[in-house]
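# Fold and contact review
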Amino acid sequence: MSLIPDGLPEAHRSIAQEADRIHESALWSAQGQFEQAKLWRLINLMLGVPAAALAAVSGGTALAGDVGIWPGVLALAAAAFSATLTTVNASRRMTQAQASANAYLELQTAARQFLTIDLADLTREESRDALRGLTNTRDELNKTSDPPGRLAFKLATRNIERGRQTYETDQVV
């Protein structure tokens, strides 16, 4: 859905179109990053909880006395989960995806406010400077954000298509 306001001076039309593209791109990027953060949180829990539980059970079993090789097997399994968790670094990736998502939301808000509130009252040069700032912010975010995976993209698409990224005030009456 385009945010370009009606009655915009023709000299601002191309600037508005580019700002609208940035807004749409930020919407998709933010949602993809939020979904990726959720997936990393799930991976962190799926690896971390078994690692801790297996370590505790292996220690308890070892203290219980003559139970054969089970404490060693459990300790090895706990170590495998822990090593995978360390290698994947899901906690850091989750935090990074969440931070990227929030930064894209900031960009989305800035682009929306520029288009719907400020653009009509700015000179072409002021408009161009504001667009340059939005572009620079988007480019920097794109450089520093890890791309979401295919599953995160599918979940983001579902959320956007179901209208979970729209506000009540934007609903056409």
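Before any of the text, the structure's been laid out above.
Okay, so let's go over this structure. Throughout this document, residue positions are counted from 1 along each chain, in the order its sequence is written. Given that the model is predicted, a residue must reach a pLDDT of at least 70 before its local features are reported, and side-chain atom pairs must reach 80 or more before they are shown or counted; all residues, however, enter totals for whole chains, interfaces and linings. Hydrogens are left out, water is left out, and the side-chain values use all remaining heavy atoms of the structure.

### Some remarks on the packing of helix α1 (residues 13-64) against helix α2 (residues 70-88)
Each axis is a line fitted through C-alpha atoms, and for a helix only the stretch in contact is used; angles between axes span 0 to 180 degrees, taken between their N-to-C directions. Helix and strand assignments follow DSSP, with helices taken as H or I runs no shorter than four residues and strands as E runs no shorter than two, numbered in order from the N terminus. Running from amino to carboxyl end, α1 crosses α2 at an angle of 155°, the nearest separation of the two axes being 8 Å. In terms of axis orientation, α1 runs roughly antiparallel to α2. The chirality of how α1 crosses α2 is left-handed. Each angle is binned into one of four classes, with values under 35 degrees roughly parallel, values over 145 roughly antiparallel, values of 65 to 115 roughly perpendicular, and all other values oblique. We call a crossing left-handed when the near helix sits turned anticlockwise from the far one by less than a right angle, and right-handed when that turn is clockwise.

### Some points on the nonpolar core
Here, nonpolar core means buried Ala, Val, Leu, Ile, Met, Phe, Trp, Tyr and Cys residues that are tied together by side-chain atoms lying within 4.5 Å of each other. Throughout, exposure labels follow a simple rule: accessible area from a 1.4 Å probe, protein chains only, divided by the maximum for the residue type, with under 20% read as buried, over 50% as exposed, and the rest as partly exposed. Residues Leu107, Leu115, Leu119 and Leu134 are the most contacted members of the largest nonpolar core, which totals 18 residues. Among the elements of the structure, α1, α3 (90-118) and α4 (124-144) are those that each provide at least two residues to this core. With six residues, the single largest contributor to this core is α1. Whether two residues are in contact is decided by their heavy atoms: any pair within 4.5 Å suffices. Discounting residues that sit within four places of it in the chain, leucine 134 has contacts with Ala19, Ile22, Leu107, Ala110, Ala111 and Phe114. Core analysis: the second largest hydrophobic core is formed by five residues, Ala37, Ala90, Met94 and Ala97 among them.

### A word on the pattern of salt bridges
What makes a salt bridge here is a side-chain nitrogen of Lys or Arg within 4 Å of a carboxyl oxygen of Asp or Glu, nothing more. Following the criterion strictly, the structure yields five salt bridges and no others. Arginine 132 is the partner of aspartate 129 in a salt bridge, and the nearest nitrogen-oxygen pair spans 2.7 Å. You can see aspartate 129 and its partner arginine 132 sitting in helix α4, three residues apart, about one turn around the helix. For arginine 132, a relative accessible area of 37% gives the class partly exposed.

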